[in-house]
Amino acid sequence: MYAPAKLAVAQGNTLTLSLGSSRDIFFHPQTHSSISAMAGASASENGSALCVLMLVIMVLCAGGASAQLSTGFYSSSCPGALGAVKSAVQSAVAKEPRMGASILRLFFHDCFVQGCDGSLLLDDTSSLQGEKTAKPNNGSVRGFEVIDAVKAVVEKLCPGVVSCADVLAVAARDSVVALGGPSWGVKVGRRDSTTASFSGANNNIPPPTSGLANLTALFAAQGLSQKDMVALSGSHTIGQARCTNFRAHIYNDTNIDKGFSTTLQAGCPLTSGSGDNNLAPLDLQTPTTFENNYYKNLIGKKGLLHSDQELFNGGATDPQVQSYVRSQSTFFADFVAGMIKMGDISPLTGNNGEIRKNCRKTN
Ligand code: HEM
Ligand SMILES: [Ca+2]
């Protein structure tokens, strides 16, 4: 007798398909009927049963793509990679603390456009329109030189092994840690895109004028919940914003502390075009320390961006903000969960994409 086809789905989405021989699945009547039984079809529907089985395999494989990321991906191919990223990020942040914020934001802006694939890092060429000049990024994103420097160290260590997308993911974690935030195991194994999306950068990344519903929708479009959105927004406990992004909030909105807006207005003139690039800290007290101060600001109506204050403005997310004010460890736990989820957004794995030699250009 031929052994019947066995389909076993093991833990972690690894698909194991063991067959007696390829002949079995196509020709043996008993195998046919067992496939039919699995697919819930009658013996006379063997052709469609096979299609259903193939569909199941395709779905499982697609679902398993992100499961290929793992914390140990480079442990034999480049054991020194993560340590090298960490020390390079540590020295960059020691030199300029804001750099930690800038790197964290790069990761967010990368992941929200065709997944965490390093697309943001590509420079414009005559044949490729990159993301750097899209509205949310233009004149705003920074830290590419640091990513280049980190990548150069890693390339020296293990040429052609570690992707730019992974360098960015690990550097984002190390940035948070360097500024006093929580740590976590970064899943790696992403590959780099050969494309970028200017329109994706314009459409997917939330603008600071967003209301709560729009913020929630733009995160939902990436598979992230409203809870993830509120937790990840705690990133605004570090870094700076330009006057052009908070002018309307400090002059027009009423859900803002009066003393706070008056202070900010001194550095951000009402007339647009004047002082557009003047900076203010997203967290007025501790813009280089990663803690739960952002949420304390929101409760005090001291959110710098309109979108920040939307998270505590009498709506559904108020209780979550309050819980993070009460418990920094709850914030840290939810932030880490959100970062891991964000890092899982449609990674390129297997033979998809490439390992760029230079993060600014395709190979
Ligand atoms: C919830 C929706 C979000 C909006 C509307 C938003 C918007 C902004 C804006 C307008 C700035 C200032 C940019 C400038 O003026 O040049 C900024 C800075 C920043 N954002 Fe967000 N952001 C959001 C979510 C996030 C998330 C999820 C992260 C990270 C996981 C993040 C990390 C940062 C950091 C660290 C900075 C400071 C960067 C620096 O100092 O270089 N933001 N954000
Ligand atoms: Ca802070």
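Residues numbered from 1 in each chain as written. Chains lettered and ligands numbered in written order. Predicted model: local features only at pLDDT ≥ 70, side-chain atom pairs only at ≥ 80, totals over all residues. Heavy atoms only, no water.

Phe-107, Ile-147, Phe-290, Leu-311, Met-339 and Met-342 are the most contacted members of the largest nonpolar core, which has 70 residues in total. Each of domain 2 (81–204) and domain 3 (212–343) accounts for three or more of the residues forming this core. Other than its neighbours up to four places away in sequence, Met-342 contacts Phe-107, Phe-108, Cys-111, Phe-112, Cys-116, Leu-224 and Leu-232. Listed in part, the 12 residues of the second largest apolar core include Cys-243, Leu-264, Leu-282 and Leu-305. (Core = buried A, V, L, I, M, F, W, Y, C linked by side-chain atoms within 4.5 Å. Buried < 20%, exposed > 50% of the residue type's maximum accessible area, 1.4 Å probe, protein only. Domains from an automatic or database assignment. Contact = heavy atoms within 4.5 Å.)

Here we take up helix α5 (residues 98–111). With 14 residues, α5 extends 21 Å between its outermost C-alpha atoms, agreeing within 8% with the 20 Å of an ideal straight helix rising 1.5 Å per residue. Check the buried side of α5 and you find it contacts α4 (81–95), α6 (144–157), α7 (164–178), α9 (212–220) and α16 (328–343). (Helix = DSSP H or I, 4+ residues; strand = E, 2+ residues; numbered from the N terminus. Expected span 1.5 Å × (residues − 1).)

Let us look at the UniProt feature "active site" (unreviewed entry) in the protein chain. Feature annotation in UniProt assigns "active site" (unreviewed entry) to the following positions: His-109. With respect to the helices, strands and loops of the structure, His-109 is situated in helix α5. Beyond its immediate chain neighbours, meaning those up to four positions away, His-109 contacts Leu-120, Glu-131, Pro-136, Asn-137, Val-141 and Ile-205. (UniProt positions renumbered as here; feature names shortened; annotations may be inferred.)

When we look at burial in helix α11 (residues 243–252), the residues that qualify are Cys-243, Phe-246, Arg-247, His-249 and Ile-250. Packed against the buried residues of α11 are β3 (240–242), α12 (258–267), β4 (279–281) and α14 (306–310).

Next up on the list: the UniProt feature "binding site: heme b" (unreviewed entry) in the protein chain. Sequence positions flagged by UniProt for "binding site: heme b" (unreviewed entry) are, in local numbering, His-236. With respect to the helices, strands and loops of the structure, His-236 is situated in the loop between α10 (226–233) and β3. Discounting residues that sit within four places of it in the chain, His-236 has contacts with Leu-282, Asp-283, Tyr-294, Leu-305 and Asp-308.

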